[in-house]
Structure formats: C-alpha cells, structure tokens
Amino acid sequence: MSHKIAIIGAGPAGCYVAQSLVKASPDAEITIIERLPTPYGLIRYGVAADHQGTKGVSRQFSRLFERQGVNFIGNLEVGKDISLEELQNCMDAVVIATGLYADREIDVQGNDLKNIYGAGEISRFWNAHPDSELFQPSLGKTVAVFGNGNVAMDIIRLLAKPESGFEGSDFNPSHVNDQVSKIHVIGRSPLEHAKFDPVLIHELKDIEGLNCSLAQGDFLASSQDNPTAVALAELLESQDQSGSKEVVFHSGWQVEAFCGGKGCVNSVLVRNSGSNDVKTIECDSVITAIGFEDSGTLDRDMILSEAEGAEDGIISQGTFMTGWFKRGPSGTIPENRTDSQKVAKSIISWLESTVSDKPGKAAILEQFGHRITSYEDWLAIDRIETRFGGEKRCRQKISSWKTMMAAIEQQRNAV
Amino acid sequence: MKIGLLYGTETGNAELLCDDIEEALGSGFECDIADLGDTDHADLDPSKFYIIVTSTYGNGDLPTTAAPFYDTLAEQKPDLSGIRFAIFGLGDMVFDETYNQGSERLAKLLVECGAQMVGERGLHDASSGEPPEDLALPWARSIVSLLSVEAA
C-alpha cells in the first residue's frame, strides 16, 4: 500500500516539502490540510500586495495540485476541527508547517493603548485575510513604525505609496493610505545595521512625492562595503522636495513607553541606545514589526521541547515539522525551501522503514467531506477574484470567510 | 543534439522552467538538468549546448547557490572557448535598478572566458503577470532552431 502523508499548512513551507516528497516518492498519497478555505498561506496573505512577482511562486505550487497528484483539503484546522492525534492515526507521516502567526509585542508601559498594531495584523488586513474581516485600524496622519527589517520596510512602503503605485497589484483601493502624511521609522540599532534589503530601499526611493530624512541629531555611518548603508545614503540624498509625504528615520532608539490620552496612543517615549538621551515622538498610531511568535492551536513550545531531532525536522516517529514552525521567525522564502528539502529527506528515510497500514485522506473525507474545500473550489474563487480585479488591479480578493464559502457553494451548484 | 540545462534558483522557479524547457524541446534532444550550484566549469562539455536559466537575487546578484559557480569563474577566468550557451533570466521590474542583472552578469563573464553566446538573452519580468514559460518556451525553440540552421 502506498504511504499516506499529511502536511498541515498550505503556505510556502508546506508546499515546498510536498514538492520534494512528490519527487522522491511519487507513489505516496500526499494531502495538504489548510485551516483557511484557500491555499498558499503567506504567499497569498503575507507577501505585500505590490510584490506580485514574488507571489508568482504560487505557480509552482499550483502544479502540485494540477499535475502532481497532491490533494488539497481546506477549511479544516488541525488542533481544533480534528486533533493532531486523530490525524496521526490516519497517516503514516504528518508534517507541521503552520508557520508563526502572531506579532511579537513590545512589552513596555502603555502597550495596551488603542491604535497600536502588529505588522502581521496590518499585513493580513491589507492582504484581505479572512481573519481581518472585522478589523478596522485607525492609523491617522502620523504613524510610528518600530523595526528595521524587511517586514517593517513593506509596511513603510505600503503606507507611503499613492494609488498610482498599486496598479496591477491586488491591494484593495479602499485601503490606500492617502491620509498618512508622516511615517516615523524607529530602530533599536544604528541605522547602518538595519536589516533592510537594498532593493527594498531603492523601491522607497522610487515612490513619487516621498521625502525621506534622518531625525535631527541622528546620523548614518557611511560604509562602502555595506550595501544597506549605501542604499540608505542614496535614499536620504534623493530628496523629492515637492513631496506630500515624509519618512523620518530614527537611528538607535529604543521604546521606553507608549503614551496616550483617552485610551489611544498619541506619542512614544524613546531612549537613545548610545547617548541615553530621551525624546518624545508624536504619532496617531503605532505599528510594531519586531518579529513573530506562535499563537496556533498546536502547542509549539511543548512540541519543540520534546522533538527528537529538531534540526532535521523530526518531532517523533512519523511526525515532522518544517518552515517557521520549526525554525522560528527568521529566513526568507528561499531559505525555507532549502530547509523543507532537508526535512523531506528525514520523512523519506522514515517512510522507508515503515509499511503503510493507514487509511489516509479517505478517512478525513469521510468524516469532514461536508465542510471542507477542495482545490477546484479554490480555482473557482481564483476566477471570481480575478474577474473582479477590474482595470487597475490583477484581482480583488474576497475578504470574508462567509462570502468565500457562499461563493464556493454557488459555484458547486452551478456545475 | 545534447543539451545541458543549468539553473540558478532561489525559490525554485528557474528549476521548474528548466523542466518545462526540456519537455517543450521534446524527444529530438538529449537533455539533462543540473543546478549551477552543483556544476564545475571544468566539467562543461563542448559537445553539448548549454541553456542557462537564472534568477537575480539580493542586490543584483546571482542566486546564493549559483554564486560559487560565478565567483570561481570570476577568480580563475578559465578558458571556455568551445563552450556554447544561451541564457534566460528571471527578473522582477518592481526591483528595477537590479532588474535581471544576475543573468546579465553571468552571460558577460562566460563570454569574457571565451564561451560563445547564441541568440539574445531571454528576459522575463515576474511582475508582468505573464507565465515565464509563455516567453521561455518560444525563446528556447528559436535558440535550438538557430543551432539547427548552423548545423545544416
């Protein structure tokens, strides 16, 4: 009997591990189980809407389902709708690839004030994630962004871009941040040590009507062999004085407290890591982009602490992990591809030592067939969204879970 | 004719495109596919024709795994006369300053080492929304037809 493999999570980590497994073990029955009705996770809901080229990696993954015989089961959450143990009983191997969902918070006084948001939360909203259906951020005119990595850079760019910058994207026109006029970018380390990719800094430079400057008294240590510092220096020199929007970089400042009135944040108190000076930055809202942590239905801390071979993605006999769930919140899509290839080897060597006696996806379909979504359902959603994109957008996403399920139902009945 | 398909990739797109090109060229060609990261320039074979597909990564660089191949060429400048290749680049115009520089730099270096480039460098822009195979497959067919004309 062929081996039965379930992968939990249809994001890039899960799809990459499926890709490697299909190649190494073409006879295995591989099923990707996803909490959301649609596949591709971070590609669809995390990668910025104006980076459609990066989202293009989903073309590879669509082949898994269209040509390579991998099964998709959507709208089924492991740990909630079905327990991990139940799933393990159906499968010879289970791979956890659920990523890290929650924003790491800045734990200082005032962090319970309103209008303080996490970058992940905001990204999901801008990407029309069904979890954000009822989320309505109030960003105001001045936003303070904490973080000096590429997640922060995505946030800054999407705050700064005018409507014209979103043509061809799938950014919802009603989310364009025209009202934002000033963006403070605050990083703990000196700016020259920022982890921004130079290409993302160049992208900021190309935004029409955007002035970028350093906060008064701050400086950027120039270094020719540091591409990020070089790109930042170029950005700061290329002033568009006609600009209607402003980005101000604060180099080497750490937040001491969020301050507010009437329950809402109205300023941040920051301390310089070098001079120990303090200053207050006024703002209408805060977005923190300092990393991600687990908030899922599977107990990650316990799973990691008991893992038999965490480095190779081995949790226990027949249970594996990959992607950010395994590695923690670092590394780009390519790094997770390499890692998933390694984890696939662990899985293959486990399967070689076992004889399959598990029912596989048939058992899942029997129990949950009435509620799950299929890959064909996703194709129907994809067609609808693309059709509604109009002239200036490549698609308009359905942001409501209920509407998505209703549309799926309608399409099924139409066939 | 023997064709060596070489890819430099970060996300796997270039590797997949090599699979597609192999399929599109059909049975008239004896193709093998390899990662530039597993390729030693000393093993390049003059009896083969090479089709290279590479993306661009970071600040206009080659993908991480393909970088050692490039760096070794740049350092040793081996004599590659007799080696013939065509190259197709995967890029993204969102990053316009470094658009497709990976394939450009590799092509230039191979020519500097004496290899002969056949045809125009193929280019795909991931932000165009067009599937890369829609450009790459006609490109690959036109390259091999150039070769057939030469052979005749």
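Before reading further, recall that the structure is shown in the block above.
Small disclaimer: the values here were computed from a predicted structure and weren't measured.

Draft legend 1. Structural view of the overall build of chain B. A count of helical and extended segments in chain B gives four helices and six strands. The C-alpha radius of gyration computed for chain B amounts to 14 Å, which stays within 12% of the reference 15 Å derived for 152 residues, consistent with globular compactness. If one aligns the C-alpha atoms of chain B with their principal axes, the spans along those axes are about 40 × 35 × 25 Å. A burial count over chain B gives 49% of its 152 residues as buried. Sequence separation of at least 24 residues holds for 80% of the intrachain contacts in chain B that already meet a minimum separation of 6. Of the accessible surface of chain B, which amounts to about 6600 Å², a share of 49% is contributed by carbon and sulfur atoms. Taking the 8 positively charged and 28 negatively charged side chains of chain B as two groups, their mean positions are separated by 8 Å.

Draft legend 2. Layout of the overall build of chain A. When its secondary structure is counted, chain A shows 15 helices and 17 strands. Considered along the principal axes of its C-alpha atoms, chain A spans approximately 70 × 50 × 45 Å. For chain A, the proportion of its 415 residues judged to be buried stands at 56%. Taken as a whole, chain A presents about 18100 Å² of accessible surface, with 48% of it coming from carbon and sulfur. Between the averaged position of the 40 positive side-chain charges in chain A and that of its 56 negative side-chain charges there is a distance of 4 Å.

Draft legend 3. Local environment of the sheet that holds strand β12 (residues 264–272) of chain A. Residue and element names in this part refer to chain A. Overall, antiparallel pairing links the three strands, which are arranged β11-β12-β13 in an open sheet. Either end of the sheet is taken by a strand with one partner, and the two such strands are β11 (253–261) and β13 (278–282). Across this sheet, the average inter-strand angle for adjacent strands is 25°, counted without regard to direction. Direction of pairing for β12 relative to β13: antiparallel, over a ladder of five bridges. Within β13, the residue paired with V270 across the bridge is K279.

Draft legend 4. Local environment of the interface of chain B and chain A. Counting from both sides, the interface comprises 25 residues of chain B and, opposite them, 22 residues of chain A. Carbon and sulfur atoms supply 46% of the area that chain B and chain A bury against each other, a total of about 1800 Å² over both sides. On the chain B side of the interface with chain A, the three residues burying the most area are T11, F95 and E97 of chain B, jointly 27% of the side's total. A salt bridge links K23 of chain A to E15 of chain B, with the shortest nitrogen-to-oxygen separation between them at 3.0 Å.

Draft legend 5. Looking closely at the sheet that holds strand β6 (residues 116–118) of chain A. Residue and element names in this part refer to chain A. Spatial ordering of the open sheet is given by β6-β14-β7-β8-β10-β9, a layout of six strands whose pairing is parallel. Across the chains shown, the open sheet's two edge strands, defined by having one partner strand only, are β6 and β9 (210–214). Averaged over all neighbouring strand pairs, the angle between strand axes comes to 20°, with direction disregarded. With three bridges connecting them, β6 and strand β14 (residues 285–288) associate as parallel partners.

Draft legend 6. Here's a closer look at the pattern of salt bridges. This structure, assessed with the given rule, holds 28 salt bridges over all chains. Between E15 of chain B and R337 of chain A there is a salt bridge, with its nearest N and O atoms 2.7 Å apart. A residue pair is termed interchain when its members come from two chains, as with E15 of chain B in helix α1 (residues 13–25) and R337 of chain A in helix α12 (residues 333–352). For R337 of chain A, a relative accessible area of 7% gives the class buried. One salt bridge connects E112 of chain B with K108 of chain B, and the closest N-O pair in it is separated by 3.7 Å. Here E112 of chain B and its partner K108 of chain B are both found in helix α3 (residues 101–112), four residues apart, which amounts to about one turn of the helix. Residue K108 of chain B is classed as exposed on the basis of its relative accessible area, which comes to 54%. Connected via shared salt-bridge partners are D50, D154, R157, K161 and E203 of chain A.

Draft legend 7. Up close: the environment of P12 of chain A. All names here are of chain A. Its location among the elements puts P12 in helix α1 (residues 12–24). Between the alpha carbons of P12 and V57 there is a distance of 8.6 Å; along the sequence they are 45 residues apart. Not counting residues up to four positions away in its chain, the partners in contact with P12 are Y40, L42, I43, F61 and I333.

Draft legend 8. Geometry of the packing of aromatic side chains. Residues and elements named next belong to chain A. Under the counting rule described, the total for this entry stands at 14 aromatic pairs over all chains. Ring plane angle 85° and centroid distance 5.9 Å describe the contact between F146 and F258, whose orientation is recorded as edge-to-face. Note that F146 is positioned in strand β7 (residues 142–146) and F258 in strand β11, a separation of 112 residues in sequence. The class of F146 is buried, set by a relative accessible area of 4%. Given the relative accessible area of 4%, F258 is considered buried. Grouped by ring-pair contacts, the aromatic residues Y16, Y40, F61, F65, F72, Y375 and W378 constitute a single cluster. In this structure, R124 packs its charged tip against the face of Y101, placed 3.6 Å from the ring centre. Lying across the ring of W253, K279 places its NZ or CZ 4.2 Å from the centre.

Draft legend 9. Seen up close, the packing of helix α6 (residues 119–126) of chain A against helix α7 (residues 150–160) of chain A. Residues and elements named next belong to chain A. Where α6 contacts α7, the axes come no closer than 10 Å and their chain directions differ by 45°. Classified by the angle their axes make, α6 and α7 are oblique. Seen from above, α6 lies across α7 with left-handed handedness. On α7, the residues that touch A119, I122, S123 and W126 of α6 are V151, I155, L158 and L159. A per-class count over the contact of α6 with α7 returns seven nonpolar, one polar and no charged.

Draft legend 10. Representation of the pairing of β14 of chain A. Residues and elements named next belong to chain A. Burial of β14 is two-sided: the residues S285 and I287 facing one way and the residues V286 and T288 facing the other way are all buried. Bridge count between β7 and β14: four bridges; the pairing is parallel. When the sheet's bridge partners are listed, F146 is paired in β14 with T288.

What counts, and at which threshold
Residues numbered from 1 in each chain as written. Chains lettered and ligands numbered in written order. Predicted model: local features only at pLDDT ≥ 70, side-chain atom pairs only at ≥ 80, totals over all residues. Heavy atoms only, no water. Helix = DSSP H or I, 4+ residues; strand = E, 2+ residues; numbered from the N terminus. Rg over C-alpha atoms; globule rule 2.2 N^0.38 Å. Buried < 20%, exposed > 50% of the residue type's maximum accessible area, 1.4 Å probe, protein only. Contact = heavy atoms within 4.5 Å. Areas by Shrake-Rupley, 256 points an atom, 1.4 Å probe, with all protein chains shown as cover. Lys, Arg positive; Asp, Glu negative; His and termini not counted. Charge placed at Lys NZ, Arg CZ, Asp CG, Glu CD. Pairing = 2+ DSSP bridges. Axes fitted to C-alpha atoms, helices over the stretch in contact; angles between N-to-C directions. Buried area = accessible area lost by both parts, 1.4 Å probe. Salt bridge = Lys/Arg side-chain N within 4 Å of Asp/Glu carboxyl O. Phe/Tyr/Trp six-rings, centres within 6.5 Å; stacked < 30°, edge-to-face > 60°. Lys NZ or Arg CZ within 6 Å of the ring centre and 35° of its normal. Parallel < 35°, antiparallel > 145°, perpendicular 65-115°, else oblique. Left-handed = near helix turned anticlockwise from the far one by under 90°. Nonpolar A, V, L, I, M, F, W, Y, C, P; charged D, E, K, R; others polar.

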